[in-house]
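# Results of the structural survey
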Amino acid sequence: MKDYQYNWDVIWRSVNDLLYGLWLDVYMAFVSVLAGSLIGLVVAFALVSKQGLIRKSAQVYVTMIRNIPLMIIVLFIYFGLPDAGLVFGEIQSFVFALTIYAGAYIAEVFRGGLVAMPKGLTEAGLALGLSNTKINIFVKIPLLIRSVMPALSNNYISLFKDASIAAVIAIPELTFQTRRINLETFKTIEAWSSATVIYVITCFIIAFLLRRVEKRVAVPK
Amino acid sequence: MMNLNTGFWHELWISIDDLAIGTGIALSVSALAIIMGTILGLLIGLALTYGNIVLRTLARIYVDVIRGIPVLVLILTFFYVLTIWGINLKPFQAGVLSLGVFSAAHVAEMTRGGLQNLNKGQTEAAKALGLSFRQTFLSVLMPQALRQILPTWINTVIETVKGSTLVSIIGVVEITLVTQQIIARNFLTMKFYAVCALIYFCIGFSIERAGKYVEKKIAIK
Amino acid sequence: MSNKVLEISNLHKAFGELQVLKGVDLSLNKGEAVSIIGSSGSGKTTLLRCVNLLEEFQGGSIKIDGKTIGYNEVNGKRKRLSNKEITHDRALTGMVFQSFNLFPHLTAAENITLALKKVQRKSKSEALEIAHHWLGKVGLPDRGSSYPGQLSGGQQQRVAIARAIAMNPLIMLFDEVTSALDPELINEVLDVIKTLAGEGMTMLIVTHEMRFAYEVSKKVIFMNEGVIAVEGTPEDVFKNSDHERLKAFLSSTKF
């Protein structure tokens, strides 16, 4: 520690790269979270379905993905699938992997929300003459999304952080850029503290925005 | 021309010892990290719940910073930065340390949540009976909080095991790295990443099941 | 030689800006059962909770069996007693709560023996004996190994009474103990309290059960807006009072 010369210049020179990396993280996370949420919503309904086959398939999907590290899924898709003739680019592979990963976790969140929904809702809808599907679309889903937003927010932030795993297949996102700066300049403290600060602030901003949304769509008490 | 099918099984057989060792390493890293993380996390959680303003702020900063960065960043930071400070950590130790610090942040947060969620009446009843704070905490609060926290803690254990994949990046020869070494030799990429995924799945699934079993056994009737 | 087991003088308590107790004087003699009635916000529960210092008070004093609790006057300055002393003094009273507050992870017997062992340092066998004695007295002799979750509301509350009284307190404090119970379970709890009163237990009861208060109390206190508005025998308070607010209150309770 004695002879360590601080040189923040290396960070300022690479600011563009770091911000580009951050942007990549946000972009990939956003796309995956969006697609993953749609998948998660559908899978959640499958998880509570009365039809055994649908329910069991959904359970298999969720249990499998939740127990396999994201990195392995990424490596499998990017390096492994070519064996079967399916070749994807880096970012495609990663977004694909993160989407599948997100879908499983988000499905669980939605499932929890569905299970916690008052049973009387379905009955009230039926009594009014609504079909089950209409009840799902117009009553349950809006209510569901509002009630699980806190848990969903938590998941979204986690998934954003998981975007850093893209570095493993050399996608030039923030963590990858930081590591590059570290290896090139040996200014580890500057590099990693910068990354830490950027990530913490970004997560904070995302959390703040999500809380704003939460408040706006929350069910009035 | 090699019949790929028998080739795979043959390859699997000759790699079994490496995979087993890799699994052992992964489990060791995870176990040590969990032990460290749980003890540290409980202490920080207590500081968060009962500490004075200084302790609470420090604990809060710790938890928010650690939870605001991806695990990968934490692992790489520990590995690279500590070298600058003259502490030359072997990859295994760096892995344990970083995963320990990571899980501690989660354990701290869930401890705080579990303790604060307890019914206020419990503390009042204990006070009314003349129990001291220490007695109240040990005999009334902690037993209930631990039962509350258990599912979430099991989750953290599984996340730590999944996080141990990332220490392959700093050179720990655990499952992922072993798999990559095998693949470098026999090019059966897809199949062996599938094997790798399967191993993680089995570990996670068993932990989940064990957790549910323990939950049932200690549940409050 | 004072027979006064409880002496409250000029008690003042505020929650932030809101004055809840505005100078309450109250005394209890040994063996007396005193009921406190009044509408929500009158301060009756707060008064009770000051006696075992679950609530702090800013003015006045409380003495239990001659000992000043909570705060001391030292050279004209008001000083809070140490936590250790306050914890110790809490064992002078026993409290039963509206929401029972049984420890859900312990059996009924364990709920009772916990404080006996940890606070009064009784041996395991002694504590168990006391627990079973009181479980018998509240009518649950064979439910010692049941968990609160397995008991009905009335049973839980009776265990809570046993738990408090097993500590042999000087005063029992009952805080609306039947308000959270289904109607058919209320009587089993009230009967236990009546029995204890009949056996000479000193008690302060905050309640909405007017008939019960009329039957069990030596003295009834009507609180209104932070002060004691009416004080007297059950006859005085329930049947013969001219106090406007009290009459309005009683008529709304269908006594």
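Anything mentioned here points back to the structure above.
Bear in mind that the values here come from a model prediction, so they are computed numbers and not experimental data.

## Comments concerning the overall build of chain B
- Scanning chain B from N- to C-terminus turns up eight helices and zero strands.
- Shown N-terminal to C-terminal, the secondary structure of chain B runs as helices and strands in the order α-α-α-α-α-α-α-α.
- The buried share among the 221 residues of chain B stands at 53%.
- Sequence-distant contacts, at least 24 apart, represent 77% of the contacts inside chain B between residues at least 6 apart.
- Working note: accessible area of chain B is about 10200 Å², and carbon and sulfur atoms make up 69% of it.
- Mean positive and mean negative side-chain charge positions of chain B (17 and 10 charges, respectively) differ by 11 Å.

## Considering the arrangement of the chains
- There are two pairs of chains in contact here, and the one with the most contacts is chains A and B.
- Separating chain A from chain C is a minimum C-alpha gap of 22 Å, and the two share no contact.

## Here's the deal with the packing of aromatic side chains
- Enumeration according to the criterion identifies 16 aromatic pairs over all chains in this entry.
- Cluster of aromatic residues (ring-pair linked, three or more members): Trp-192 of chain A together with Phe-79 and Tyr-80 of chain B.
- If you follow Arg-78 of chain C out to its NZ or CZ, it ends over the ring of Tyr-71 of chain C, 3.8 Å from the centre.
- Here Arg-163 of chain C stacks its cationic end above the ring of Phe-103 of chain C, 4.6 Å away from the centre of that ring.

## Let's talk about the packing of helix 9 (residues 188-217) of chain A against helix 3 (residues 71-84) of chain B
- Look at helix 9 of chain A against helix 3 of chain B: their axes get within 9 Å of each other, and the N-to-C directions meet at 155°. Regarding the angle of helix 9 of chain A to helix 3 of chain B, the classification is roughly antiparallel. Along this stretch, helix 9 of chain A crosses helix 3 of chain B, giving a crossing that reads as left-handed. Touching Thr-188, Ile-189, Trp-192 and Tyr-199 of chain A of helix 9 of chain A are Val-73, Leu-76, Thr-77, Tyr-80, Val-81 and Ile-84 of chain B, all from helix 3 of chain B.

## Focus: the interface of chain B and chain A
- In this assembly, 36 residues from chain B lie in contact with 36 residues from chain A.
- Of the roughly 3100 Å² buried between chain B and chain A on both sides combined, carbon and sulfur atoms contribute 72%.
- The interface formed by chain B and chain A includes zero salt bridges.
- Across the contact surface, chain B and chain A share nine residue pairs in polar contact (both at pLDDT 80 or more).

## Considerations on the environment of Gly-204 of chain B
- By the element assignment, Gly-204 of chain B lies in helix 8 (residues 189-218).
- When sequence neighbours within four positions are dropped, the list of residues in contact with Gly-204 of chain B reads Asn-67 of chain A together with Ile-158 of chain B.

## Here we look at a positive patch on the surface
- Taken together, Arg-211, Arg-212, Lys-215 and Arg-216 of chain A make up a surface patch of like positive charges.
- Residue position: Arg-211 of chain A is located in helix 9.

## Details of the interface of chain C and chain B
- Between chain C and chain B, the residue contacts involve 24 residues of the former and 21 residues of the latter.
- Taken together, both faces of the contact between chain C and chain B bury some 1900 Å²; the carbon and sulfur share is 62%.
- The residue Arg-49 of chain C makes a salt bridge to Glu-124 of chain B at a minimum N-O spacing of 2.7 Å.
- The interface formed by chain C and chain B includes five residue pairs in polar contact (both at pLDDT 80 or more).
- Taken together, the elements giving at least two residues each to the side of chain C that touches chain B come down to helix 2 (83-90), strand 8 (93-96), helix 3 (108-118) and helix 5 (153-165) of chain C.
- When residues in the side of chain C that touches chain B are grouped by element, the largest group, three residues, is from helix 3 of chain C.
- Here the residues of the side of chain C that touches chain B sort into 13 nonpolar, seven polar and four charged.

## Thoughts on the pairing of strand 11 (residues 219-224) of chain C
Residues and elements named next belong to chain C.
- Of all the six residues making up strand 11, six are buried; the element is thus mostly covered by neighbouring parts of the structure.
- Burial along strand 11 is two-sided: Lys-219, Ile-221 and Met-223 and Val-220, Phe-222 and Asn-224, pointing in opposite directions, are all buried.
- Judged from the five bridges that link them, strand 11 and strand 12 (residues 227-232) form a sheet pairing that is antiparallel. Following the sheet pairing, Asn-224 is matched in strand 12 by Val-227.

## Remarks on the pairing of strand 8 of chain C
All names here are of chain C.
- Across the two faces of strand 8 the burial is the same, with Thr-93 and Met-95 and Gly-94 and Val-96 all buried.
- Note that strand 8 and strand 9 (residues 171-175) share four bridges and pair parallel. Residue pairing in the sheet places Thr-93 in a bridge with Ile-171 of strand 9.

## Some points on the sheet that holds strand 4 (residues 59-64) of chain C
Residues and elements named next belong to chain C.
- Strand order in the open sheet formed by four strands is 2-1-4-5, with antiparallel pairing between adjacent strands. This sheet does not close on itself; its edge strands, each paired only once, are strand 2 (18-29) and strand 5 (67-69). Direction aside, neighbouring strands of the sheet carry axes that sit 25° apart on average.
- Pairing of strand 1 (residues 4-15) with strand 2 involves nine bridges; the strand directions are antiparallel. Each bridged residue has a counterpart across the sheet, and for Ala-14 the counterpart in strand 2 is Gln-19.
- With respect to the sheet, helix 1 (residues 44-51) is in contact with strand 1, strand 2, strand 4 and strand 5, its orientation differing from that of strand 1 by roughly 120°.

## Concerning the pattern of salt bridges
- Using the criterion set out here, one finds 24 salt bridges over all chains in the structure.
- The salt bridge involving Glu-109 of chain B is made with Arg-112 of chain B; its shortest N-O contact spans 2.6 Å. You can see Glu-109 of chain B and its partner Arg-112 of chain B sitting in helix 4 (residues 91-116), three residues apart, about one turn around the helix.
- Overall, the relative accessible area of 15% leaves Glu-109 of chain B in the buried class.
- A salt bridge links Glu-32 of chain C to Lys-218 of chain C; its shortest N-O distance comes to 3.5 Å. Separated by 186 residues along the polypeptide, Glu-32 of chain C in the loop between strand 2 and strand 3 (33-37) and Lys-218 of chain C in the loop between helix 7 (210-216) and strand 11 bring together distant segments of the chain.
- Overall, the relative accessible area of 9% leaves Glu-32 of chain C in the buried class.
- Each of Lys-120 and Glu-124 of chain B together with Lys-13, Arg-49 and Glu-55 of chain C takes part in one network of salt bridges that share partners.

Procedures and definitions
- Residues numbered from 1 in each chain as written.
- Chains lettered and ligands numbered in written order.
- Predicted model: local features only at pLDDT ≥ 70, side-chain atom pairs only at ≥ 80, totals over all residues.
- Heavy atoms only, no water.
- Helix = DSSP H or I, 4+ residues; strand = E, 2+ residues; numbered from the N terminus.
- Buried < 20%, exposed > 50% of the residue type's maximum accessible area, 1.4 Å probe, protein only.
- Contact = heavy atoms within 4.5 Å.
- Areas by Shrake-Rupley, 256 points an atom, 1.4 Å probe, with all protein chains shown as cover.
- Lys, Arg positive; Asp, Glu negative; His and termini not counted.
- Charge placed at Lys NZ, Arg CZ, Asp CG, Glu CD.
- Phe/Tyr/Trp six-rings, centres within 6.5 Å; stacked < 30°, edge-to-face > 60°.
- Lys NZ or Arg CZ within 6 Å of the ring centre and 35° of its normal.
- Axes fitted to C-alpha atoms, helices over the stretch in contact; angles between N-to-C directions.
- Parallel < 35°, antiparallel > 145°, perpendicular 65-115°, else oblique.
- Left-handed = near helix turned anticlockwise from the far one by under 90°.
- Buried area = accessible area lost by both parts, 1.4 Å probe.
- Salt bridge = Lys/Arg side-chain N within 4 Å of Asp/Glu carboxyl O.
- Polar contact = N/O pair within 3.5 Å; in protein donor to acceptor, adjacent residues only side chain to side chain.
- Patch = residues over 30% accessible without salt bridge, like charges linked within 9 Å, V, L, I, M, F, W, Y side chains within 5 Å.
- Nonpolar A, V, L, I, M, F, W, Y, C, P; charged D, E, K, R; others polar.
- Pairing = 2+ DSSP bridges.

Everything listed here is a matter of geometry and, on its own, says nothing about what the molecule does.
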